[in-house]
Amino acid sequence: MLGLRNVKSRIHRLWNITQTAFPKTQSKIPPNYSYIKRFQSSTVNSTSRSMEKIKNRLAQERSPYLLQHAENPVQWYPWGDEAFEKARSEKKLIFLSVGYSTCHWCHVMEHESFENQDVAAVMNEHYVNIKVDREERPDVDQLYMTFVQAASGQGGWPMSVFLTPDLKPIGGGTYYPPEDAYGRPGFKTILLHMAKRWKSDSKSMLENSSKMMKILNDTTAFDIQLGTELSNIMKPNPKTWITCYSQLQRIYDDEWGGFGMPPKFPQPTILDFLFHISYKMSKSSEGKKSLEMALETLQKMTMGGIHDHIGQGFARYSTDEKWHVPHFEKMLYDQAQLAVSYTTAFQITKHEQYSDVVHDILQYVSRDLSHKLGGFYSAEDADSLPAVDSTKKREGAFCTWTQEEVKTLLDQPLDSKPDIKLSELFCWHFSVLPNGNVRPDSDPHGELLGQNVLIEFRSKENTAKKFQITVENVEKELKIAKSILFEARKKRPRPHLDNKIITSWNGLMITAYARAASALNVEEYKQRAIKAAEFLKTHAWNNSVLLRSCYVNENGDIANIEKPIAGFLNDYAFLIRGLLDLYECTLQSKWLKWADELQEQQDELFWDKEKFGYYSSSDKDPSIILRFKSDHDGAEPSGNSISALNLLRLSILTEKSEYRSKIDPLFLAFAGRLSSSSSALPALVSALTLHCDSITSVYVTGDLDNPELEALLSAIRQRYMPNLVLALADENSLSELAKGLAIAENGKVAAYVCKNNTCNLPVHSTEELIALLDGKVESPASN
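Rules of the game
- Residues numbered from 1 in each chain as written.
- Predicted model: local features only at pLDDT ≥ 70, side-chain atom pairs only at ≥ 80, totals over all residues.
- Heavy atoms only, no water.
- 1 Å grid on protein atoms, 1.4 Å probe; cavity = no way out; pocket = protein on both sides within 12 Å on 5 of 7 lines; lining within 4 Å.
- Points joined across faces, edges and corners; volume = space filled by probe spheres on them.
- Helix = DSSP H or I, 4+ residues; strand = E, 2+ residues; numbered from the N terminus.
- Nonpolar A, V, L, I, M, F, W, Y, C, P; charged D, E, K, R; others polar.
- Expected span 1.5 Å × (residues − 1).
- Buried < 20%, exposed > 50% of the residue type's maximum accessible area, 1.4 Å probe, protein only.
- Contact = heavy atoms within 4.5 Å.
- Pairing = 2+ DSSP bridges.
- Core = buried A, V, L, I, M, F, W, Y, C linked by side-chain atoms within 4.5 Å.
- Phe/Tyr/Trp six-rings, centres within 6.5 Å; stacked < 30°, edge-to-face > 60°.
- Lys NZ or Arg CZ within 6 Å of the ring centre and 35° of its normal.
- Patch = residues over 30% accessible without salt bridge, like charges linked within 9 Å, V, L, I, M, F, W, Y side chains within 5 Å.
- Areas by Shrake-Rupley, 256 points an atom, 1.4 Å probe, with all protein chains shown as cover.
- Salt bridge = Lys/Arg side-chain N within 4 Å of Asp/Glu carboxyl O.
- Lys, Arg positive; Asp, Glu negative; His and termini not counted.
- Charge placed at Lys NZ, Arg CZ, Asp CG, Glu CD.
- pLDDT = per-residue confidence, 0-100.
- Axes fitted to C-alpha atoms, helices over the stretch in contact; angles between N-to-C directions.
- Parallel < 35°, antiparallel > 145°, perpendicular 65-115°, else oblique.
- Left-handed = near helix turned anticlockwise from the far one by under 90°.

**Things to note about the layout of surface pockets**
Its boundaries defined by the atoms lining it, the second largest pocket holds a volume of some 1,300 Å³. Along the wall of the second largest pocket there are 44 residues; nearest its centre are Trp79, Arg137, Lys563, Pro564 and Ile565. The set of elements that each furnish at least two residues to the lining of the second largest pocket consists of β1 (76-78), α5 (81-90), β3 (127-133) and α23 (589-606). For the lining of the second largest pocket, the leading source of residues is α5, giving five residues. Among the residues forming the lining of the second largest pocket, the class breakdown is 21 nonpolar, eight polar and 15 charged.

This is the structure in structure tokens:
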């Protein structure tokens with residue numbers, strides 16, 4: 001594999017040759033308030049205001065993001081053959097714009113450029129313009145984002161890429177301001193320059209695009225290319241977790257939790273890895289420090305403004321080191337993964353502060369991100385109208401408060417101490433200030449002037465001490481205040497809801513509800529997970545092909561799509577994991593069987609038989625000119641990481657040799673990255689660690705309605721054991737071992753603890769089972 005630095009330098013050199021006439025643009029507006037306000041005040045020019053809007057081809061699409069652009073004067077095309085053929089026949093460059101419907105900077109570029117008649121005229125004359133929803137087509141996004149990051153050194157959305165008619169990239173970036181400023185070219189200047197270059201020197205641009213594609217193609221050649229026979233004698237390094245832990249410890253923020261510099265993202269894959277290491281090395285300094293880092297990060301996030309203290313749930317990331325000022329959009333995948341992390345924290349500590357947050361997140365998702373039939377919506381926007389009669393949206397308008405608003409709404413005495421007003425206690429506890437509590441450097445747009453982002457940096461104990469009331473009364477009064485503010489906030493214009501139902505994110509959410517149901521013993525959560533799985537089986541499983549997403553009609557029904565988008569690796573991998581978690585939660589074999597069926601199809605569509613690992617997309621779409629294998633565990637875990645975990649579980653639950661035979665080769669495919677950049681692959685490192693340590697499986701027998709069996713299951717489910725797989729041994733089991741155990745017990749309640757294909761003798765009480773799981777006793781192996 002080419003070194004990433006070498007790849008970037010080579011592509012950047014070619015990119016600069018193509019761009020020659022102008023300096024590199026920036027991906028973000030500089031933190032200069034007057035500059036920002038100048039462009040915000042001219043978001044739509046007078047010409048575009050006066051002209052009647054005519055819908056373009058995007059009006060026929062289902063994606064909420066594409067529909068947002070359906071009235072742009074730009075002649076947008078969706079990604080597809082019609083646009084490609086037009087570019088080829090007219091020999092025009094393609095301008096590709098990629099974003100998503102809740103993206104703040106996507107909205108900015110739309111208002112500044114795509115709604116501007118003058119800019120649209122240039123785009124329409126010189127380009128075939130294509131708009132893509134990155135959440136709908138992650139394969140398109142991954143291909144060209146890889147190019148943009150290598151060429152410009154940075155990425156983000158909106159992504160703007162110039163393509164040749166054969167879809168090869170020749171230039172691009174992220175957000176472009178509309179006009180030239182600070183010695184940097186504006187979007188219209190760039191459009192005109194690229195068009196001029198294409199007309200005068202298309203030959204050299206085509207040559208450079210071919211060279212760029214060659215370099216990109218080399219980056220997909222993994223550094224271990226072994227035959228099956230060689231993979232059988234090579235094993236992944238079982239000590240990789242040490243490197244990963246050390247790298248994470250070096251970038252940990254000891255004061256505020258989290259990893260790296262702002263902006264700070266929750267990064268649940270890191271937290272889950274640390275919990276795993278705290279279990280594996282529980283008596284060592286590494287284990288104790290891992291647990292400390294994970295719990296401290298969760299606590300600080302709960303206190304910060306990234307946590308919506310009134311409406312529940314978490315925003316996408318924090319702009320500052322204290323988790324105070326978020327980017328206000330809420331993504332489904334964050335809710336799902338954080339619910340799992342807080343569930344794990346509760347399992348380990350038994351502290352209700354963590355289970356309270358689990359309930360908080362799942363209440364938000366059930367209320368605001370749920371379709372009536374069971375699917376989960378994708379996201380809520382960062383921007384919204386400040387008032388019903390407002391004409392311009394503002395970031396955070398739905399979530400922030402002035403002190404005057406709070407004082408007016410909470411102008412009542414405390415129930416527990418009438419001489420103190422509820423507003424006084426609330427403002428103290430949540431740091432609500434007269435002129436707002438947002439630092440200027442956290443608000444470069446000036447959109448949060450005078451606003452307060454609620455933060456709970458003061459403990460309830462400190463608040464109780466200040467107002468000389470009990471902690472219980474503080475909790476009671478704050479609950480009353482939150483309820484009042486929640487009802488007031490419901491009257492505000494809501495942020496835009498992206499109601500796409502994405503299969504992969506729904507899989508993550510099934511995992512969240514299933515694990516919370518097991519750990520917290522909440523029947524409602526189990527039923528919600530079942531409902532979501534049944535929804536996907538009905539609406540996203542089309543003729544044995546998994547779909548990427550479902551869409552909602554205006555009447556709330558699920559739309560019938562003539563040409564649906566087939567699922568990608570993450571859709572399969574995340575749903576399979578969700579189904580395996582749902583199986584362990586319900587012990588209903590139908591979920592295990594569907595997971596098994598999906599895994600077989602995933603292997604057929606995405607597995608690389610020559611160099612191992614899974615491609616992110618199948619080979620069935622000729623418009624994807626380069627397939628990638630992803631291993632990075634970022635905002636979402638990598639499909640390869642989750643697939644490794646799935647294969648480990650399925651190889652036990654089904655005893656299928658084809659699953660077992662892929663595990664070592666998958667790790668070997670990413671051996672170089674596991675060695676050098678393991679902190680970027682925490683979920684894959686966790687899977688590797690489980691594989692090297694070997695997994696414990698617990699088989700239970702008996703009637704699920706039997707209280708004795710329920711007691712055994714509770715003892716298992718309320719414990720944190722990342723190396724444990726739970727299964728019901730009965731006639732519907734997919735493994736011969738489980739079927740044999742069921743026959744041996746003949747309906748009696750029992751539990752077998754097995755490891756490396758060897759099972760201990762059955763136990764029948766929770767005390768015996770706990771002692772066995774804790775390694776306090778050693779039961780003789782059964783025959």
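After that view, the rundown keeps rolling.
**With respect to helix α27 (residues 682-693)**
Between its terminal C-alpha atoms α27 stretches 16 Å, which fits the 16 Å expected from twelve residues at 1.5 Å a residue. Counting buried positions along α27 gives nine out of twelve residues, so the element sits mostly inside the fold. Tucked inside the fold, the buried residues of α27 contact α11 (240-250), α12 (268-280), α24 (639-654), α25 (657-669) and α26 (671-676). Just downstream of α27, Ser694 is the residue with a positive phi angle, here 75 degrees.

**Digging into the pairing of strand β4 (residues 159-163)**
The side chains of a regular strand alternate between the sheet's two faces. The buried fraction of β4 is high, at five of five residues. Here β4 shows two buried faces, one formed by Met159, Val161 and Leu163 and the other by Ser160 and Phe162. By the bridge criterion, five bridges tie strand β2 (residues 93-99) to β4 in an arrangement that is antiparallel. In the sheet register, Leu96 faces β4, and the bridge partner there is Val161. Direction of pairing for β4 relative to strand β5 (residues 169-173): antiparallel, over a ladder of four bridges. Residue pairing across strands places Ser160 opposite Gly173, the latter belonging to β5.

**A look at the nonpolar core**
Grouped together as the largest cluster of nonpolar side chains are 171 residues, with contacts concentrated most on Tyr342 and Val700. It is helix α22 (residues 569-586) that provides the largest number of residues to this core, a total of eleven residues. In contact with Val700, other than residues within four places in its own chain, are Leu587, Leu709, Leu713, Ile716, Leu726, Ala727, Leu728, Ala729, Ala750 and Ala751. Among the nonpolar cores identified, the runner-up in size contains 28 residues, and Phe84, Ile94, Val140 and Leu143 belong to it.

**Some points on the packing of aromatic side chains**
All told, the structure shown has 26 aromatic pairs when counted by the stated rule. When the ring of Tyr513 is compared with that of Tyr525, the centres are 5.8 Å apart and the planes differ by 70 degrees; the resulting orientation is edge-to-face. One end of the pair, Tyr513, is in helix α20 (residues 503-520); the other, Tyr525, is in helix α21 (residues 523-539), and twelve residues separate them in sequence. With respect to class, Tyr513 is no different from Tyr525; both count as buried. Ring centres 5.5 Å apart and planes at 65 degrees place the aromatic pair Tyr572 and Phe606 in the edge-to-face group. Of this pair, Tyr572 sits in helix α22 while Phe606 is found in helix α23, placing the two residues 34 residues apart along the sequence. Grouping residues by exposure puts Tyr572 and Phe606 together as buried. Through successive ring pairs, a cluster of aromatic residues spans Trp76, Phe95, Phe114, Tyr127, Phe162, Tyr176 and Phe187. A cation sits over an aromatic face here: Lys330 above Tyr364, 4.2 Å from the ring centre. Between Arg528 and the ring centre of Tyr513, over which it is positioned, the NZ or CZ distance is 6.0 Å.

**Some words on a negative patch on the surface**
Together, Glu352, Asp356, Glu461, Glu472 and Glu475 line one region of the surface with negative charge. For the negative patch, the elements supplying multiple residues, two or more each, are α15 (352-368) and α19 (471-489). Within the secondary structure, Glu352 is located in helix α15.

**Re the confidence of the model for the protein chain**
This prediction gives the protein chain a mean pLDDT of 90; 90% of its residues lie at or above 70. Counted against residues more than four places away or in other chains, residues 1-5, with its pLDDT under 50, gives nine contacts. Here residues 223-233 scores under 50 on pLDDT; set against residues more than four positions off or in separate chains, the count is 15 contacts.

**What to know about the sheet that holds strand β9 (residues 379-380)**
Judged by pairing direction, the sheet is antiparallel, and its three strands sit side by side in the order β8-β9-β12 without closing on themselves. With partners counted over all chains shown, the strands left at the sheet margins are β8 (330-331) and β12 (497-498), one partner each. Sheet topology note: the β8/β9 ladder contains two bridges and is antiparallel. In the sheet register, Lys330 faces β9, and the bridge partner there is Glu380.

**Some points on the packing of α20 against α21**
Axis separation between α20 and α21 bottoms out at 8 Å; the angle between their running directions is 155 degrees. Taken together, the axis directions place α20 and α21 in an arrangement best described as roughly antiparallel. Note on packing geometry: the crossing formed by α20 with α21 is left-handed. Residues Thr503, Asn506, Ile510, Tyr513, Ala514, Ala516, Ala517 and Leu520 of α20 form the contact with α21, whose participating residues are Tyr525, Lys526, Arg528, Ala529, Ala532, Ala533 and Leu536. Its residues assigned to classes, the contact of α20 with α21 shows eleven nonpolar, two polar and two charged.

**Here we look at the sheet that holds β1**
Strand order in the open sheet made by the five strands is β1-β3-β2-β4-β5, with mixed pairing throughout. Single-partner strands in this sheet number two, and they are β1 and β5. This sheet shows a mean twist of 30 degrees between the axes of neighbouring strands, independent of strand direction. Lying on the sheet, α5 is in contact with β1, β2 and β3; it crosses β3 at an angle near 155 degrees. In the packing of helix α8 (residues 138-152) onto the sheet, the strands contacted are β2, β3, β4 and β5, and the crossing angle to β4 comes to about 85 degrees.

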